[in-house]
Amino acid sequence: MEKHTERKRAGFGLLLAGLLVLAALTVLLAAGLGPVSVSPRNTARILLSRLPGIGEKIPVSWQALEENIIWGLRLPRVLLGMVVGASLSVCGVAMQALVRNDLADPFILGVSDGAAAFATLGILFGTFSFLGPYSLALSAFLGAAFTILLVYALARVNGRIHIAQMLLSGVAVSMIMGGITSIIKISAPNALGVHSAAFWMAGSLAGAKWAYLGLPLLVLLVCMAVLMLSSRSLNLLLMGEDTAGALGVNVRRMQKLLVLIASLMAGVTISVSGTISFVGLMTPHFTRLLVGGDHRRVLPVSALLGGILVVWVDVAARMLFAPEELPVGVLTAVIGGPVFIWMLKRKGGRK
């Protein structure tokens, strides 16, 4: 038994190490791909040249244009893709644990529609221009936060969160926000603004900047740490509220924590990337196929797989029809739709 446990730990360690290496290679290769390609060797040298203590020892073998492209444009975009993919995946894990259903996703509470309504209002009418250069991200976050608070208030029954009512409230609020977004678009003063809003709502990393990385990364690390510390409670919660409570889990507090974490991560992610669908649904599911249902393994593997997936889908989005660019959310929907249908069939076949 002990040898079997040790083999499982060793296997998981190798998988995690392999994914970390793959994530590093993904950053290196994806940063060099685009209409103007930069070789992996030059990309690596450019990145190393920015490290303190090492940079001055790296001989310059690249052009200034290549450095500007890698450091100023592509690297923040690739790193943001990693953070967004990891956040959506971890958020999906949290939502699936909360509702005890592996078909749940980060946007099940209508967060994306609330963010879209506020962002569209800002794009088309400049309502939030007083927020400065990051008005789009901030307006989307405000919309997400407003939706979260509204759904949470509707889901409280006698001071407790009622899961079924929370899901139904999320659907209702999502429809309301979607209707408001349609009204805003119909009232748009120009067609270009409608196109910009539609492109943002479809999910894109095109506007990535170094300044956009800080808050999503901080939220990801903090929420990931909290969830890892609560992994035992997450495992028990999947067995049902009564069983989890009998085994020492404070179910109500855990539910509130999961709502807070999932909503915060979804809101922050949407604010910098728009709605990138299916990542938070697909990645946790495939992770469980790889490592089982233990959240101590599911969380880090989901984060790495989600980040790698979003980065490569973004590479495809900017290269398939170059110089035109597709929204990332369009490609994830095209890929994720058939996968979702397969998951439904597979889940139905077990009954």
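Cut-offs used in this document
Residues numbered from 1 in each chain as written. Predicted model: local features only at pLDDT ≥ 70, side-chain atom pairs only at ≥ 80, totals over all residues. Heavy atoms only, no water. Helix = DSSP H or I, 4+ residues; strand = E, 2+ residues; numbered from the N terminus. Rg over C-alpha atoms; globule rule 2.2 N^0.38 Å. Buried < 20%, exposed > 50% of the residue type's maximum accessible area, 1.4 Å probe, protein only. Contact = heavy atoms within 4.5 Å. Areas by Shrake-Rupley, 256 points an atom, 1.4 Å probe, with all protein chains shown as cover. Lys, Arg positive; Asp, Glu negative; His and termini not counted. Charge placed at Lys NZ, Arg CZ, Asp CG, Glu CD. Expected span 1.5 Å × (residues − 1). Arc of directions from axis to C-beta. Salt bridge = Lys/Arg side-chain N within 4 Å of Asp/Glu carboxyl O.

A few words on the overall build of the protein chain. Across its full length, the protein chain holds 14 helices and two strands. The globule rule puts the C-alpha radius of gyration for 351 residues at 20 Å, and the 21 Å found for the protein chain is close to it. By principal-axis analysis of the C-alpha atoms, the protein chain measures approximately 65 × 65 × 40 Å. Burial analysis of the protein chain (351 residues in total) assigns 48% to the buried set. A separation of at least 24 residues holds for 76% of the contacts in the protein chain among residues at least 6 apart in sequence. Accessible area for the protein chain stands at about 16,600 Å²; split by element, carbon and sulfur atoms hold 68% of it. Computed over 28 positive and 14 negative side-chain charges, the inter-centroid distance for the protein chain is 6 Å.

To continue, consider helix α8 (residues 214-229). Compared with the 22 Å implied by 1.5 Å per residue over 16 residues, the 23 Å span of α8 between its first and last C-alpha is a close match. Along α8, the residues that are buried comprise Pro 216, Val 219, Leu 220, Cys 223, Met 224 and Leu 227. All buried residues of α8 lie within an arc of 125 degrees about the axis, which places them on one face of the element. What points out from α8, more than 90 degrees from its buried face, is the exposed set Leu 218, Leu 221 and Leu 229.

What follows covers the environment of Asn 190. Within the secondary structure, Asn 190 sits in the loop between α6 (163-186) and α7 (191-201). For the pair formed by Asn 190 and Leu 124, sequence separation is 66 residues and the distance between their alpha carbons is 7.9 Å.

The next thing to look at is the pattern of salt bridges. Close approach of charged atoms lets side chains of opposite charge pair. Summed over all chains, the structure comprises seven salt bridges. Across the salt bridge formed by Arg 50 and Glu 67, the nearest N and O atoms sit 3.1 Å from each other. In this pair, Arg 50 is assigned in the loop between α2 (40-49) and α3 (64-99) and Glu 67 in helix α3, connecting sequence segments 17 residues apart. According to the relative accessible area criterion, Arg 50 is partly exposed, its value standing at 40%. Arg 77 serves as the salt-bridge partner of Glu 325, at 2.5 Å between the closest nitrogen and oxygen. Within this pair, whereas Glu 325 is found in the loop between α13 (295-319) and α14 (328-349), its partner Arg 77 is found in helix α3, the two being separated by 248 residues in sequence. By relative accessible area, which is 10% here, Arg 77 ends up buried. The network of salt bridges with common partners includes Arg 77, Asp 314, Arg 318 and Glu 325.

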